[in-house]
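# Architecture and fold: a report
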Amino acid sequence: MKYYFLITGILCILYYLMLVWHSQKLRSTFAVFWLFVGGAHLVIGCAPLPVYVYTFLTAVCGVCWLCLITVEIKIFSGMYSGCDQRADCIIILGAQVKGKKITDSLKRRLDKAILYLRKFPDTKVIVSGGQGKGEDITEADAMADYLIRFGIDEKKIIREDRSVSTRENLRFSRQFTDPEQGITGIVTNGFHMYRACLIAKQEGYRNIYKIPASSNPVFQLNYLMREFFAVIHAWLKMK
């Protein structure tokens, strides 16, 4: 069991260093988690602990892995959509904007939406996102500007510029669509889609069509782990 902790610890720290190298930041989104977990595993692996302690830790790790796999299966289920379907409207969920610059995750959502809107040009699009820390404009305005620049008719774009969370994205967008009778497409990154649809159902959307976008492959594992905790939180709020 010592080898499990040592190997896992080394892999976690190596992944953290990869994230730092790729993002050029010591504290990019959720990356410190890997440093903390890796360090904890190395300490446990190097410590001269009694056999019964390692037996207990083995059981704990087994339960943790079981929970992780169960939740990740749910997350992966949201990453895939069926055949292309015409929606009455699509909602592009906001993501961080740096100043006025579209970040990678948001760009991928927008590019996916553009492909969809070119195939179904009569579908209206709601860009949903307010203005947060470090953002010079609202996410909705940044998204709308990007869509217009790539040929989407401005008249088909509706800006929802108050929301600061996924729940608010969907709650505040209700006024612009028919969540109970209409077909609503949700555009977000694949790792985020399961939770977005879960929240959408809680907010009264009855006919949801998933339009999942890709994610940065280097950060994919990081996003999936962060989403694990977010999904657990969403489940707990359902009770």
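This text gives an overview of the structure that appears in the document. (Residues numbered from 1 in each chain as written. Predicted model: local features only at pLDDT ≥ 70, side-chain atom pairs only at ≥ 80, totals over all residues. Heavy atoms only, no water.)

Turning next to the layout of surface pockets. Its boundaries defined by the atoms lining it, the largest pocket holds a volume of some 1200 Å³. Among the elements of the structure, α1 (2-23), β3 (101-102), α4 (104-119), α6 (166-173), α7 (190-202) and α8 (220-238) are those that each provide at least two residues to the lining of the largest pocket. Split by residue class, the lining of the largest pocket holds nine nonpolar, 21 polar and 13 charged. Lining of the second largest pocket is provided by 26 residues; of these, Val37, His41, Trp65, Leu68 and Met225 occupy positions nearest its centre. (1 Å grid on protein atoms, 1.4 Å probe; cavity = no way out; pocket = protein on both sides within 12 Å on 5 of 7 lines; lining within 4 Å. Points joined across faces, edges and corners; volume = space filled by probe spheres on them. Helix = DSSP H or I, 4+ residues; strand = E, 2+ residues; numbered from the N terminus. Nonpolar A, V, L, I, M, F, W, Y, C, P; charged D, E, K, R; others polar.)

What follows is about a nonpolar patch on the surface. On the surface, Tyr3, Ile7, Ile10, Leu11, Leu14 and Leu17 cluster together into a nonpolar patch covering about 660 Å² of accessible area. Topologically, tyrosine 3 is positioned in helix α1. Exposure remark for tyrosine 3: the relative accessible area of 65% places this residue in the exposed category. (Patch = residues over 30% accessible without salt bridge, like charges linked within 9 Å, V, L, I, M, F, W, Y side chains within 5 Å. Areas by Shrake-Rupley, 256 points an atom, 1.4 Å probe, with all protein chains shown as cover. Salt bridge = Lys/Arg side-chain N within 4 Å of Asp/Glu carboxyl O. Buried < 20%, exposed > 50% of the residue type's maximum accessible area, 1.4 Å probe, protein only.)

Taken as a whole and assessed by the stated rule, the structure comprises nine salt bridges. Lysine 119 is the partner of aspartate 84 in a salt bridge, and the nearest nitrogen-oxygen pair spans 2.5 Å. Of this pair, aspartate 84 sits in the loop between α3 (51-77) and β1 (89-93) while lysine 119 is found in helix α4, placing the two residues 35 residues apart along the sequence. Assessed through its relative accessible area of 47%, aspartate 84 is described here as partly exposed. One salt bridge in this structure joins aspartate 111 and lysine 107, with 2.8 Å as the shortest N-O distance.

Running from N to C, α3 and α7 point in directions that differ by 95°, and their axes come no closer than 7 Å. It follows that α3 is roughly perpendicular to α7 by the angle criterion. On α7, the residues that touch Lys74, Ile75 and Ser77 of α3 are Gly190, Phe191 and Tyr194. Looking at the contact of α3 with α7 residue by residue, the class counts come to three nonpolar, two polar and one charged. (Axes fitted to C-alpha atoms, helices over the stretch in contact; angles between N-to-C directions. Parallel < 35°, antiparallel > 145°, perpendicular 65-115°, else oblique. Contact = heavy atoms within 4.5 Å.)

As a further point, take the pairing of strand β4 (residues 124-128). A large share of β4 lies buried, amounting to four of its five residues. Two strands pair when backbone bridges link them, and β4 and strand β5 (residues 157-160) are joined in this way by four bridges, in the parallel orientation. Of the residues in β5, the one forming a bridge with valine 127 is arginine 159. The parallel pair β4 and β5, bridged by helix α5 (residues 139-149), forms a crossover whose chirality is right-handed. (Pairing = 2+ DSSP bridges. Right-handed = clockwise from strand over helix to strand, strands pointing away.)

This part is about the packing of aromatic side chains. Taken as a whole and judged by the stated rule, the model has 13 aromatic pairs. On the basis of an interplanar angle of 75° and a centroid distance of 5.1 Å, the ring pair of tyrosine 4 and phenylalanine 5 is categorised as edge-to-face. On the numbers, 5.8 Å between centres and 70° between planes, the contact of phenylalanine 33 with phenylalanine 229 is edge-to-face. Of this pair, phenylalanine 33 sits in helix α2 (residues 32-46) while phenylalanine 229 sits in helix α8, and the two are 196 residues apart along the sequence. Overall, the relative accessible area of 41% leaves phenylalanine 229 in the partly exposed class. (Phe/Tyr/Trp six-rings, centres within 6.5 Å; stacked < 30°, edge-to-face > 60°.)

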